[in-house]
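# Fold and geometry: a report
Here is how the chains run, residue by residue.
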Amino acid sequence: MSERELKLIIKLVRSYYADAGHTLSLPSDLPHRELAFSFFERDEVLRHVAFKSLEDLRVFLTSQAPRHVFYSSAYYLSPSERDMASKGWMGADLVFDIDSDHIPTPCKDEHDRWTCLDCKATGRGLAPLSCPSCGGRRLSSESFYLCPRCLEAAKAELLKLIEGFLIPDFGFSPSELHVAFSGRRGYHLHLESEAVKEIDQYARREIVDYLKAVSLRPEAHGFHSFVERSHAPPSLNHPGWRGRVARGVYSFLSSATIADLERLLPTSKRQLAAEIYASKERLLASLELPKPKWGLMLKYGRRFWERLVLKAIELQRCEIDERVTTDIHRLIRLPSSIHGDTGLIAQPLKLNGLDSFDPLKDAVAFKKGELRVHVGKCPQLTLMGECFGPFNDELVVLPTAVAFYLLRSGLARLA
Amino acid sequence: MLTKEDLAKYPFTPEAQAFVKERGLTAEELDKTENRRILERAVGRLKESLESGIVSARLEEVEVEVLSYPAAMLLASLTNDRLLQSRYAEGEAKRAFTLLKDETVDKLAYIAHDCFNWAVERVSLDIGPRSYGLALRWRDFLSVSMGFKSHHWKLVNRTLSAGLVYLQRHELARLMAEALRERLLSRLSTAPTVELGEGLKASLREVLELSKRRAASSVGLEPPKEGGESAYPPCIKALLEDASAGRQLPHMARFTLASFMLNVGKTVEEVVDLFRRLPDFDEKRTTYHVRHVAGEIGSRTKYTPPRCETLRTFNLCPSPDRLCQRVKHPLAYYRLRSMEGSEAG
């Protein structure tokens, strides 16, 4: 970016923090948190900063207008010490990160590309775990786009985490759950209660494994090959994973196509798919009974049964980023700060407002004014409830928020 | 709630400890002839745990049984013998388990709360073939369930609802025994400074000697230094391959590789060499990190590689083989493979 463009961006960010009417929402116990910042004009990351009060922080934000603002999920006795050992770890919030990057939405093929940094192979869609041509694990993925469908998928995953796991299984109360938009592709959920502060990394990993169904043994929840002989088989309303797997089977079957069913059958039995499809209603009705008749599904073979159960687990598990939850020294974007690459606010959200929240509308920071920019080749972009573009090397006047995003993505120049 | 006999059964409860305190038994008094029965029983507790892995419950002489417990703890902590201490903690935990598992639901819940501050709820829930009479807060459950290796104890394989993990009686007893074992192990690691009389000194020598004899006859637990690359588990082989192909590795992968190699006897320099081909290799930084893992600098903890479960969580377990099914830790795999190798050779 040119110096003139940077100056403009910094001015906008500064005006956001200076805005007296705008109140920053802060995590609890600010003086014991480490804060970290990155900036627009230089590459350094400033770490190990502590603030005594909200006012001190606001003065800093207004004068520095940082590109990104992070705070530690951990509480430290001396948060400004540089060395981890002398910081004095006192505990950490339990944090969950849901990023649409990790959710395989169908539109990924349209707007995501990955490149293998080892052999330079490229592909469309969600980056694989390792490069299919050389096996390398150094993959970079690119997605310039703020995709409404991906953000919607991330929100659905967040609701699954809250309504499907944290409240019914873990017994958290809705008032303990603090949610914020991440400013780009997903959502963060923070739990700050005393009860979770001292949970160690191992216990946090067990929570992750529970949510992601890592090492889940179907037979531990009654899904074994002799389920038909069980006098109390798993049913839809059972608690925990037992009922969740049953509901997963139900939801898979109710929307399954013949092709979906074929994929669960060994090659020699593919022809059964049509038969299963035809008896779908009867199968679903049998699952609604207090004692579901799992035998009706087992009769299509053990392989089918096992794959059906695995499919159900895959549908029901929650796609959180395990690195964030298991890390007790993590830095996370400060809610209500600006994401310097999108111009969107990491908006704190009320649980009952989640359904109607549209990040591409409600998290827009720079709603006022327009800028004249020269946009290169660029597909259509949705922001503030409107569509802009596609552009093809043209001079246009755009709302500040749209221009901010295009300038920061390198797709436009200030005219 | 607890009877006199209960104090003998569970000398680790606050009530039993209050009883001990009231009696005011010091190391000096323990040496006196009138307390010989107590000292003998204390030595007996240690011997039993070394010889049969479990301390017996002798409930006829309540006072001796209660008082010999802190006396045995004192002796064990004074030995500075980690193996003996862990065997003793294990022996007391097993003793507690055999007694606890037959208690009523109410008494179990009482002791769990009294000793470990666990919130146990009495419930009545039939799920599948099991009846659950007890439920424990998930945080309390996770505070000890890590100590168990079986999949049965993973949270994801339990019934969790409204913050509670449902348990059968014997399962809660198991968890309590494990909590006790961990508590004893940590208490035993710091020895008090006391003046020892002749009787105590003799007892100390006696158990130390027994412990040495047992250690010599048991199979060494240290990993053999020369198992060779063929004994590495698949996860480590994959990481080595990635490293030698110069592929970028995430932090957890680097830590796993470094800690594994250090634990099978490689030097810091040898381990640093493994990372040489990585695209972002920096000799100084790598050496710093590897020395950290080796415990030479920083917190001075020598790290072991993560357990299989952790590796699975981080997607670092790409192709488990048959032997992997039997182990929970990459070093355990290495040990078994190395033994197979030396038997064949």
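Preceding this paragraph is the structure being described.
So, here's what we can say about the structure. Per chain, residue numbering runs from 1 following the sequence as it is written. Lettering for chains starts from A, numbering for ligands starts from 1, and both go in the order in which the items are written. A pLDDT threshold of at least 70 governs which residues receive local features in this predicted model, and a stricter bar of 80 or more applies before side-chain atom pairs are shown or counted, although totals over entire chains, interfaces and linings include all residues. Here the side-chain values reflect all heavy atoms present in the structure, with hydrogen atoms and water set aside.

### Description of the overall build of chain B
Under the convention used in this document: Where helices and strands are cited, they refer to DSSP runs of H or I of at least four residues and of E of at least two residues respectively, numbered from the N terminus. Relative accessible area decides the class of each residue, using a 1.4 Å probe on protein chains only: under 20% of the type maximum gives buried, over 50% gives exposed, and in between gives partly exposed. Residues count as neighbours in contact if any of their non-hydrogen atoms are within 4.5 Å of one another. With residues, only the protein chains shown are counted as cover, and all accessible areas are computed by Shrake-Rupley using a 1.4 Å probe. His is not counted, nor are the chain ends; Lys and Arg add positive charge and Asp and Glu add negative charge. For the purpose of locating charges, the reference atoms are NZ of Lys, CZ of Arg, CG of Asp and CD of Glu.
In terms of regular secondary structure, chain B is built from 16 helices and four strands. Looking at chain B as a whole, 50% of its 345 residues qualify as buried. Across chain B, contacts joining residues at least 24 apart in sequence account for 68% of those joining residues at least 6 apart. Total accessible area computed for chain B in this model is approximately 16900 Å², and 49% of it derives from carbon and sulfur atoms. Chain B carries 53 positive and 48 negative side-chain charges, and their two centres are separated by 3 Å.

### Structural notes on the packing of aromatic side chains
What counts is decided by this rule: A pair of Phe, Tyr and Trp rings is counted when the ring centres sit within 6.5 Å of each other, with Trp represented by its six-membered ring. The angle between the planes then sorts it: under 30 degrees is stacked, over 60 is edge-to-face, the rest tilted. Only when the NZ of Lys or the CZ of Arg is both within 6 Å of the ring centre and within 35 degrees of the ring normal is a charge said to sit over the ring.
Overall, the coordinates contain 28 aromatic pairs over all chains when judged by the stated rule. The rings of Phe165, Phe170, Phe172, Tyr210 and Trp241 of chain A together with Trp138 of chain B are connected pair by pair, giving a single aromatic cluster. In this structure, Lys197 of chain A packs its charged tip against the face of Tyr75 of chain A, placed 4.3 Å from the ring centre. Arg244 of chain A extends its terminal NZ or CZ atom over the ring of Trp241 of chain A, reaching a point 4.8 Å from the ring centre.

### Quick look at helix H13 (residues 302–316) of chain A
Let me state the cut-off plainly: Expected helix span is taken as 1.5 Å per residue step, with the number of steps being one fewer than the number of residues.
Under the 1.5 Å per step criterion, the end-to-end length of H13 of chain A is 21 Å for 15 residues, consistent within 8% with the ideal 21 Å. The inward-facing, buried residues of H13 of chain A abut helix H5 (148–166), helix H8 (240–255), helix H9 (258–262), helix H10 (272–278) and helix H12 (295–298) of chain A.

### Some remarks on the sheet that holds strand S10 (residues 177–181) of chain A
To summarise the sheet geometry, strands pair through backbone hydrogen bonds and adopt either a parallel or an antiparallel arrangement. Residues and elements named next belong to chain A. Spelled out, the test is: A pair of strands counts as paired when DSSP detects no fewer than two bridges linking them. Only the stretch in contact is used when a helix axis is fitted, and all axes are lines through C-alpha atoms; the angle between N-to-C directions ranges over 0 to 180 degrees.
Ordered by their spatial adjacency, four strands build an open sheet running S6-S11-S10-S15, and the pairing between neighbours is antiparallel. Every other strand in the sheet has two partners, leaving strand S6 (94–99) and strand S15 (348–349) as the edge strands with one partner each. Inspection of the sheet shows S6 paired to strand S11 (residues 186–191) by six bridges, in the antiparallel sense. Within S11, the position partnered with Asp99 by the bridge is Gly186. H5 contacts S6, S10 and S11 of the sheet and is inclined by roughly 25° relative to S11.

### Re the pattern of salt bridges
Residues and elements named next belong to chain B. Definition in use: Put simply, a salt bridge is a Lys or Arg side-chain nitrogen that is within 4 Å of an Asp or Glu carboxyl oxygen.
For the structure shown, the criterion picks out 48 salt bridges over all chains. The partner of Glu309 in a salt bridge is Lys154, with the nearest N and O atoms 2.7 Å apart. With Glu309 in helix H15 (residues 308–313) and Lys154 in the loop between helix H8 (138–145) and strand S3 (160–161), this residue pair connects regions lying 155 residues apart in the sequence. Residue Glu309 is classed as buried on the basis of its relative accessible area of 9%. Each of Arg41, Arg45, Glu48, Arg58, Glu65, Glu92 and Arg95 takes part in one network of salt bridges that share partners.

### Quick notes on the packing of helix H5 (residues 62–79) of chain B against helix H9 (residues 169–188) of chain B
Residues and elements named next belong to chain B. So the rule is basically this: Just so you know how the angles are binned, under 35 degrees is roughly parallel, over 145 roughly antiparallel, 65 to 115 roughly perpendicular, and the rest oblique. Each residue is assigned to one of three groups, with Ala, Val, Leu, Ile, Met, Phe, Trp, Tyr, Cys and Pro labelled nonpolar, Asp, Glu, Lys and Arg labelled charged, and all others, Gly among them, labelled polar.
The contact between H5 and H9 brings their axes to 9 Å, and the two run at 55°. Considered as vectors, H5 and H9 are oriented oblique to each other. Here Tyr69, Met73, Ala76 and Ser77 of H5 come into contact with H9, specifically with Leu180, Leu184, Arg187 and Leu188. Taken together, the residues that form the contact of H5 with H9 break down as six nonpolar, one polar and one charged.

### Considerations on a negative patch on the surface
Residue and element names in this part refer to chain A. This is how the line gets drawn: Nonpolar side chains (Val, Leu, Ile, Met, Phe, Trp, Tyr) within 5 Å and like charges within 9 Å form the patches, drawn only from residues with over 30% relative accessible area and no salt bridge.
A surface patch of like charges, here negative, comprises Glu152, Glu163, Asp355, Asp358 and Asp362. Tracing the chain through its elements places Asp358 in the loop between S15 and helix H15 (359–362). With a relative accessible area of 30%, Asp358 lands in the partly exposed category.

### Remarks on helix H2 (residues 54–64) of chain A
The periodicity of an α-helix, 3.6 residues per turn, causes residues three or four positions apart to be oriented the same way. Residues and elements named next belong to chain A. For the record, the criterion: To obtain the arc, one takes the directions from the helix axis to the C-beta atoms.
Residues Leu57, Arg58, Phe60 and Leu61 constitute the buried set of H2. Buried residues of H2 fall within an arc of 160° about the axis and therefore sit on the same side. Its buried side turned inward, H2 meets helix H1 (3–18), strand S1 (35–38), strand S2 (45–49) and strand S3 (68–72).

### Quick word on the sheet that holds strand S12 (residues 331–333) of chain A
Residue and element names in this part refer to chain A. Strands sit in the order S2-S1-S3-S12 across an open sheet of four strands; the sheet is antiparallel. With one partner strand each, in any of the chains shown, S2 and S12 form the two edges of the open sheet. Between one strand axis and the next, the sheet turns through 25° on average, direction left out of account. Relative to S2, S1 runs antiparallel, the two being bridged by three bridges. Directly across from Ser38, in S2, lies its bridge partner Val45. Relative to S1, H2 is tilted by about 10°, and along the sheet it contacts S1, S2 and S3.

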